[in-house]
Amino acid sequence: MRTRSSRPRNRQASDTSTRALTRRTRTSGSRTGGSRARGWTAAVLRASGAVVPAVLTAVILAGGGGPRTAPADGVARAGAASVATAAAVATAATATPVAPVTPVSTARKLPPLPASVDGGAWPSGHLQGMAVDRRAGHLYFSFTNLLVKTDLRGTPLGSVTGFTGHLGDLDFDERDGRVYGSLEYKAAKAFYIAVFDGARITRMNMDAADTGVVSTVHLREVVEDYTADMDGNGVFDGDTAATPDHRYGCSGIDGVAFGPALDGTGGERLTVAYGVYAHTAREDNDHQVLLQYDVKRWKKYERPLTERAPHTSGPAAPDGKYFVYTGNTTYGTQNLEYDRHTGNWLLAVYKGTKPRFPHYALFVLDGARRPVDGVVRGQPAPERGPLLSLLPQGLHDAGTGLYGWESAGQYGLVSLDDGRYYVAETGTVRVDGVTLQTGRAVLHRWTGRTPNPFSAVGASRTSRPGR
């Protein structure tokens, strides 16, 4: 029976360059439901030496994208067509604690949090994730090929542009004051954690490659699983679900979150969740796969983002690799979050398509239970690994034994570690003939009720561009 350690691998981290990146094409998309662009105070910035006149607009230069097939439920996962220079209208539970973890203390009083914070409207991909810096009173929004920093009023304070890859979920590390996000370049077979120095993001349109505000760490483990030639024909079939390739169905990475070591050894870890292709004809893609890394040792790996020659500087292997049986989902864990109030982990997903599974949109890991060694189901060769347990609450499917909920959170989910969460809302708005992607963080409280465990704290209000 194969264990993870039996798979041959080169354990030496390297820093070699691979072939140049080609610009990936993606399709923009977001959940339907009308425009969510809320008016907000914004700066009128200069682009190409000219002031852009418009209602409270901020000029951004957003890189990226082109067409990509959306998931079956109509949710497109990647960015909108690039707009060279465009105006963008700047537009929690108390579940029964099972393993309480004391929230990180702060020396000074934290600013109160509003019922909602607008992330703006941008010519970019749809909202992928959010992060909150409670001490500074800042929010960060990932729009696939664009990072936006705001204050708690939704005023844009800065942005990072120029990504041709897929920027996904975000989390904030209170220890070093930086923002960590998943970053994919599938055409180059390159997967990274992008590390943003939020204190240095002080103006709009800061280029990711030239301004030094972002560094990257390469994840070799993800590359090995993504490029695995599972049918042994000597050909890697690339970024497609219609293949037996990709170990565990790995499509890359999405969800990221800081939290404790899952094996109970202590210390804080960055947890990275695999994307998983939706494929109904294979049996080896029914787990969520989580990697854990101790980022205290990552400074030696960090390199600037050079898209023309992507580096491979990073850890040779994760500090832990874990499996969660959920049934197949569409692109795996989109947003991952650790809740220090309960000690549980939340996994927000796009629903899968296999008929025999209940297709929940939210799974919760039981933080009070340690992983157990067990069979990783459905693998072509027998395999064992550390298995994590779902919290036995919420909706329950007797046939599969799975628990879960129906809720939002796939586009952004932030635990405030006191029973409250920011849950993302997304939409689109057209301004001067240009379709802009919108996103905002809306305050909710965890109730644990079914089918939706979140209850909005403040009234949700749809806003108009230019207000």
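Definitions and limits used
- Residues numbered from 1 in each chain as written.
- Predicted model: local features only at pLDDT ≥ 70, side-chain atom pairs only at ≥ 80, totals over all residues.
- Heavy atoms only, no water.
- Helix = DSSP H or I, 4+ residues; strand = E, 2+ residues; numbered from the N terminus.
- Buried < 20%, exposed > 50% of the residue type's maximum accessible area, 1.4 Å probe, protein only.
- Areas by Shrake-Rupley, 256 points an atom, 1.4 Å probe, with all protein chains shown as cover.
- Contact = heavy atoms within 4.5 Å.
- Phe/Tyr/Trp six-rings, centres within 6.5 Å; stacked < 30°, edge-to-face > 60°.
- Lys NZ or Arg CZ within 6 Å of the ring centre and 35° of its normal.
- Pairing = 2+ DSSP bridges.
- Core = buried A, V, L, I, M, F, W, Y, C linked by side-chain atoms within 4.5 Å.
- Salt bridge = Lys/Arg side-chain N within 4 Å of Asp/Glu carboxyl O.
- Polar contact = N/O pair within 3.5 Å; in protein donor to acceptor, adjacent residues only side chain to side chain.
- pLDDT = per-residue confidence, 0-100.

Caption draft 1: View of the overall build of the protein. In terms of regular secondary structure, the protein is built from one helix and 31 strands. Buried residues in the protein amount to 59% of all 467 residues. On the protein, roughly 17,100 Å² of surface is accessible, and the fraction owed to carbon and sulfur atoms is 51%.

Caption draft 2: A look at the side chain of His 218. One can find His 218 in strand β15 (residues 214–218). With sequence-adjacent residues up to four places away left out, His 218 is seen in contact with Phe 191, Tyr 192, Val 223, His 311, Thr 312, Ser 313, Gly 314 and Pro 315.

Caption draft 3: Region of interest: the packing of aromatic side chains. In this structure the tally under the stated criterion is 17 aromatic pairs. Between Trp 405 and Trp 446, the aromatic rings sit 5.2 Å apart at their centres with planes inclined by 70 degrees, giving edge-to-face as the arrangement. On the criterion of sequence distance, the pair formed by Trp 405 in the loop between β27 (402–404) and β28 (413–415) and Trp 446 in strand β30 (residues 434–446) is long-range, its members being 41 residues apart. With a relative accessible area of 5%, Trp 446 lands in the buried category. Joined through ring pairs, the aromatic side chains of Trp 405, Tyr 421, Trp 446 and Phe 454 make up one cluster. The side chain of Arg 377 reaches across the aromatic face of Tyr 325, ending 3.6 Å from its centre.

Caption draft 4: Highlighting the sheet that holds strand β10 (residues 156–161). Reading across the sheet, the five strands line up as β7-β8-β9-β10-β14 and stay open at both edges, with mixed pairing between neighbours. Of all the strands in the sheet, the pair left with one neighbour each is β7 (129–133) and β14 (206–207). Here strand β8 (residues 138–142) pairs with strand β9 (residues 147–151) via five bridges, running antiparallel. The residue of β9 that forms the bridge with Leu 139 is Thr 150.

Caption draft 5: Local environment of the sheet that holds strand β12 (residues 178–185). Pairing within the open sheet is antiparallel, and its five strands lie in the order β11-β12-β13-β15-β19. Strand pairing shows two members of the sheet lacking a second neighbour, β11 (166–173) and β19 (303–304), which therefore form its edges. For β15 and β19, the ladder comprises two bridges, and the chain directions are antiparallel. Bridging from a neighbouring strand, Thr 216 pairs with Arg 303 of β19.

Caption draft 6: The nonpolar core, seen in detail. Formed by 50 residues in total, the largest nonpolar core has its most connected members in Phe 141, Ile 193, Leu 270, Tyr 274, Trp 298 and Tyr 422. Beyond its immediate stretch of four places on either side in the chain, Ile 193 contacts Tyr 180, Gly 181, Ser 182, Ser 215, Thr 216, Val 217, Leu 219, Val 256, Leu 270, Val 272 and Trp 298. Residues Ile 201, Ala 208, Val 214 and Leu 305 belong to the second largest nonpolar core, which totals 22 residues.

Caption draft 7: Here's a closer look at unusual backbone geometry. For the bond from Thr 450 to Pro 451, the omega torsion is 0 degrees, close enough to zero to count as cis. Positionally, Pro 451 belongs in the loop between β30 and β31 (454–456). Of note, the phi angle at Thr 144 is positive, near 70 degrees, even though the residue is not glycine. Here Thr 144 shows up in the loop between β8 and β9.

Caption draft 8: How the structure looks around the environment of Ala 441. Position of Ala 441 among the secondary structure elements: in strand β30. Taking the relative accessible area as the measure of exposure, Ala 441 reaches 0% and is therefore buried. Excluding its chain neighbours within four sequence positions, the residues that come into contact with Ala 441 are Ala 115, Ser 116, Val 117, Met 130, Leu 139, Phe 141, Tyr 422 and Val 423.

Caption draft 9: Up close: the pattern of salt bridges. One pass over the full model with this rule turns up 21 salt bridges. Among the ionic pairs, Asp 176 bridges to Arg 178, the shortest N-O distance being 3.3 Å. For Arg 269, the salt bridge is made with Asp 294, and the minimal N-O distance between the two is 3.9 Å. With Arg 269 in strand β17 (residues 268–276) and Asp 294 in the loop between β18 (287–293) and β19, this residue pair connects regions lying 25 residues apart in the sequence. Exposure class is identical for Arg 269 and Asp 294. Each is buried. In this structure, a network of salt bridges that share partners links the residues Arg 269, Asp 294, Lys 296, Arg 297 and Asp 319.

Caption draft 10: Geometry of the environment of Asp 418. Position of Asp 418 relative to the elements: it lies in the loop between β28 and β29 (420–431). By relative accessible area, which is 30% here, Asp 418 ends up partly exposed. Taking C-alpha positions, Asp 418 is 7.8 Å from Arg 340, a pair spaced 78 residues apart along the chain. Residues contacting Asp 418, with those up to four places away along its chain left out, are His 341 and Arg 445. At a separation of 2.9 Å, a polar atom in the side chain of Asp 418 contacts the side chain of Arg 420.

Caption draft 11: Highlighting the pairing of β8. With five of five residues buried, β8 is to be regarded as a mostly interior element. Neither face of β8 is open: one carries His 138, Tyr 140 and Ser 142, the other Leu 139 and Phe 141, and all of them are buried. Of the strand pairs in this sheet, β7 and β8 are connected by five bridges, and their pairing is antiparallel. Considered in β8, the bridge of Ala 131 is made with Tyr 140.

Caption draft 12: Focus on the confidence of the model for the protein. Model confidence for the protein is summarised by a mean pLDDT of 82, while 75% of its residues fall at 70 or above. Note on residues 1–106: pLDDT under 50 across the span, and 335 contacts to partners over four residues away in sequence or across chains. Low pLDDT, under 50, characterises residues 459–467; the stretch is placed with 27 contacts to residues that sit more than four places away or in other chains.

Caption draft 13: View of the environment of Ala 278. Tracing the sequence through the fold places Ala 278 in the loop between β17 and β18. The spatial distance from the C-alpha of Ala 278 to the C-alpha of Thr 329 is 5.8 Å, given a sequence separation of 51 residues. In this view, Ala 278 contacts Ala 241, Asn 328, Thr 329, Thr 330 and Thr 353; residues no more than four positions away in its chain are not counted.

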